[in-house]
Amino acid sequence: MPETNKNDNFFTRVYEVCRLIPEGRVTSYGAIAKHLGAARSARMVGWAMNNSHKQEIFVPAHRVVNRNGLLTGKHHFGETTLMEQLLNSEGIEVENNQIQNFKEIFWDPGVELL
DNA sequence: ACCATGACGTTTC
DNA sequence: CGAAACGCCATGG
């Protein structure tokens, strides 16, 4: 359980960017990591998502997928269909854990947010 | 301090 | 084109 102030800032950054993701849009761990200046720490972003469930503020982790647009972390949502349902609820088409039109709905924090 | 793991990404075979 | 290996970096044991 990371309780360090400095590291907590990094995690907070990830959560903050995730919440900035508009509905119907998705992004990748690497994009967030790169935006935070830790392009090589894409795994850490995923780790942060793992801790996101313990955050008081809800984090739309379902809008964050890997570079392939594949719902790799769906089993972390409890029910495997939950993540897909959430994305589908926002108008995102998902098939076989793969986001359709991923390139079109992709939201890059380093471009859109900049 | 060392080894193992992971919601990733890129390169190589 | 698909699968495997390697690299990166933080957290846990």
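Residues numbered from 1 in each chain as written. Chains lettered and ligands numbered in written order. Predicted model: local features only at pLDDT ≥ 70, side-chain atom pairs only at ≥ 80, totals over all residues. Heavy atoms only, no water.

*Asks:* Would you take a moment to explain the overall build of chain A for this structure?
*Replies:* Helix and strand counts for chain A come out as 5 helices and 4 strands. From first element to last, N terminus to C terminus, chain A shows the α and β order α-β-α-α-β-α-β-β-α. Taking 2.2 N^0.38 as the reference for a compact globule, 114 residues should give roughly 13 Å; the C-alpha atoms of chain A span a radius of gyration of 13 Å, in line with that estimate. By principal-axis analysis of the C-alpha atoms, chain A measures approximately 40 × 30 × 20 Å. Residues counted as buried form 38% of the 114 residues belonging to chain A. In chain A, of all internal contacts separated by at least 6 residues, the share reaching a separation of at least 24 is 65%. Summed over its atoms, the accessible surface of chain A is roughly 7,300 Å², and 47% of this surface lies on carbon and sulfur atoms. (Helix = DSSP H or I, 4+ residues; strand = E, 2+ residues; numbered from the N terminus. Rg over C-alpha atoms; globule rule 2.2 N^0.38 Å. Buried < 20%, exposed > 50% of the residue type's maximum accessible area, 1.4 Å probe, protein only. Contact = heavy atoms within 4.5 Å. Areas by Shrake-Rupley, 256 points an atom, 1.4 Å probe, with all protein chains shown as cover.)

*Asks:* Sorry if this is basic, but what is going on with the environment of Arg40 here?
*Replies:* The topology assignment puts Arg40 in the loop between helix H2 (29–36) and helix H3 (42–52). Between the C-alpha atom of Arg40 and that of Arg13, which follows or precedes it by 27 residues, the distance is 16 Å.

*Asks:* Looking at this structure, how should I read the protein's contact with DNA strand B?
*Replies:* In the neighbourhood of DNA strand B, 18 residues make up the surrounding shell, with Arg43, Met44, Met49, Arg67 and Thr72 lying closest. Within 4 Å of the protein, the contacting atoms of DNA strand B are 50% sugar and phosphate, with bases supplying the remainder. In the model, a base nitrogen of DNA strand B is placed 3.4 Å from a nitrogen or oxygen of the Gly46 main chain. Among the elements of the structure, H2 and H3 are those that each provide at least two residues to the surface near DNA strand B. The residue makeup of the surface near DNA strand B, split by class, is 7 nonpolar, 9 polar and 2 charged. (Near = heavy atom within 4 Å. Polar contact = N/O pair within 3.5 Å; in protein donor to acceptor, adjacent residues only side chain to side chain. Nonpolar A, V, L, I, M, F, W, Y, C, P; charged D, E, K, R; others polar.)

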